[in-house]
Structure formats: C-alpha cells, structure tokens
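What the coordinates show
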Amino acid sequence: MAKADRVTAALLLALSLAFAAGGLHYYPYWSESGPGSGFLPAWLGGVMAALSLLMLLRRPRAADALEWLPRGEGARRVVVLIGASVLYVALLRPLGMIIASALYLAFVMRYFERHKWWLTALVVLIASAANWLVFVHWLKVPFPASPLGF
C-alpha cells in the first residue's frame, strides 16, 4: 500500500503544480478591482501541492497496511453516493442547476443523515434560494436553467 500511496502522492503533486502554473500562465493573478481569475487556481494548486508533498514525505505506519476500502454497509453507502452524484450531473441540463441541486441535497439529507422532512425541506429551500441569489442573481453565472426558467 505504501508504494501506491507514494505513486498517488507524486501524481497529485505533479497535477497540482500544473494546475497552479496553468492558472498563473493563462489568467491574471490580480486585477484592478482585486483578485483576478488566476488567484483561486494558484492558491488551490498550491495548497493541493503542499498536501501532496506531505503525503509523499510521510512515514508509513503499520496501520496503513490495513484494508482501506469500505466493506458491507460502508461500501453500499459509497456506491449509492456515487450513483446519486452521477444522477445529479445527468439531471443538471433537463432540470436546471437549482432544482437538481435541491433534489441532490434532499436525497443526501434524508438517505444518509435521516433528517426529518420538515428540516430537509427548510434546508433545501434556504440553500436553493441562497444558491440562486448568489450565483444567478448577483454573480450572473450562466447556470443551466430549469424548464420553469430558474
């Protein structure tokens, strides 16, 4: 397992550095009004590179040799979450970003956390309204729209 961890860490380090370098090469780090479009990729790539380097340099312990893949109920939950995420991406265009995100959040809250319906509905409504307000209304991000126009 230690060899797989090292190879993964080295690949993540290379990809992180390439991501940060690409962000800085193609986009301005700073603009007249504040952080530019290269600001976030540079910092995100730098943090990812630092974490990859820590993973690469850490000493393996005996506990690392244990099985790390989930089994039984844990494996089922991972498969369900991956399936729900794939379905979420597939529903983005036909349902729009706000509705697809609301359905995904509601599913995760009910299936995984077993929250009550009233709490799930409240959180989904607040999150959907905040999502629309920040990204669609204020930032004018061109999200996929629902058939209802939002």
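Residues numbered from 1 in each chain as written. Predicted model: local features only at pLDDT ≥ 70, side-chain atom pairs only at ≥ 80, totals over all residues. Heavy atoms only, no water.

What about the overall build of the protein?
Condition: Counting from the N terminus, the helices are the DSSP runs of H or I reaching at least four residues and the strands are the DSSP runs of E reaching at least two. Atoms considered for the radius of gyration are the C-alpha atoms alone. The globule rule reads 2.2 Å times the number of residues to the power 0.38. Exposed residues in this analysis have more than 50% of their type's maximum accessible area, buried residues have under 20%, and partly exposed residues fall in between, with area computed by a 1.4 Å probe over protein chains only. In this analysis, two residues are considered to be in contact whenever any of their non-hydrogen atoms come within 4.5 Å of each other. Methods summary: accessible areas were calculated by the Shrake-Rupley approach with a probe of 1.4 Å, and residue burial reflects only the protein chains presented. The charge count treats Lys and Arg as positive and Asp and Glu as negative. His and the chain ends do not count. By convention, the point assigned to a charge is CZ for Arg, NZ for Lys, CD for Glu and CG for Asp.
In terms of helices and strands, the protein carries five helices and two strands. Order of helices (α) and strands (β) in the protein, N terminus to C terminus: α-β-β-α-α-α-α. Taken over the C-alpha trace, the protein has a radius of gyration of 20 Å; the compact-globule value for 150 residues is 15 Å, which it surpasses by more than 25%. Projecting the C-alpha coordinates of the protein onto the three principal axes gives extents of approximately 55 × 50 × 25 Å. Considering the protein as a whole, with its 150 residues, one finds that 21% of them fall into the buried category. A separation threshold of at least 6 residues defines the contact pool for the protein, and within that pool the share at least 24 residues apart is 53%. Roughly 10,900 Å² of accessible area belongs to the protein as shown, and the carbon and sulfur atoms make up 74% of that amount. Averaging the locations of the 13 positively and 6 negatively charged side chains of the protein gives two centres separated by 4 Å.

Some thoughts on the packing of aromatic side chains
Operational definition: A pair of aromatic rings is counted whenever rings of Phe, Tyr or Trp (Trp by its six-membered ring) have centres within 6.5 Å, and the orientation is called stacked for planes under 30 degrees apart, edge-to-face for over 60 and tilted otherwise.
This structure, assessed with the given rule, holds nine aromatic pairs. Between Y88 and Y104, the ring centres sit 5.0 Å apart and the planes meet at 35 degrees, which makes this aromatic pair tilted. Placement of Y88 in helix 3 (residues 73–95) and of Y104 in helix 4 (residues 97–111) is noted, with a sequence separation of 16 residues between them. Judged by relative accessible area, Y104 falls into the partly exposed class, the value being 25%. Relative to F143, the ring of F135 lies with its centre 5.7 Å away and its plane at 40 degrees, an arrangement referred to as tilted. On the basis of relative accessibility, which here comes to 35%, the residue F135 falls in the partly exposed class. Cluster of aromatic residues (ring-pair linked, three or more members): Y29, W30, F39 and W43.

Some details on the pattern of salt bridges
The criterion, for reference: What counts as a salt bridge is simple: a side-chain nitrogen of Lys or Arg found within 4 Å of a carboxyl oxygen of Asp or Glu.
In the structure shown here, the tally under the stated rule is two salt bridges. Residues R58 and D5 are paired through a salt bridge, measuring 3.4 Å at the closest nitrogen-oxygen approach. Within this pair, whereas R58 is found in the loop between helix 2 (39–57) and helix 3, its partner D5 is found in helix 1 (residues 2–26), the two being separated by 53 residues in sequence. Across the pair E73 and R76 runs a salt bridge whose closest N-O atoms are separated by 2.6 Å. Of this pair, E73 and R76 are both found in helix 3, three residues apart, which corresponds to roughly one turn of the helix. Given a relative accessible area of 43%, E73 falls into the partly exposed group.

Focus: a nonpolar patch on the surface
For the record, the criterion: Note that patches include only residues with greater than 30% relative accessible area and no salt bridge, and the join distances are 9 Å for like charges and 5 Å for nonpolar side chains (Val, Leu, Ile, Met, Phe, Trp, Tyr).
There is a patch of nonpolar side chains on the surface, built from L24, Y29, W30, W43, V47, L51 and L54 and spanning about 770 Å² of accessible area. The element contributing the most residues to the nonpolar patch is helix 2, with four residues.

Details of the environment of A49
With respect to the helices and strands, A49 occurs in helix 2. Sequence separation of A49 and A75 is 26 residues, and the distance between their C-alpha atoms is 29 Å. Discounting residues that sit within four places of it in the chain, A49 has contacts with L13, S16 and L17.

Re the environment of T120
As for its placement among the helices and strands, T120 is situated in helix 5 (residues 117–138). Residue classification places T120 among the buried residues on the basis of a relative accessible area of 1%. Between the C-alpha atom of T120 and that of R71, which follows or precedes it by 49 residues, the distance is 28 Å. Each residue touching T120, except ones within four places of it in the same chain, is listed here: A106, M109, R110 and H115.

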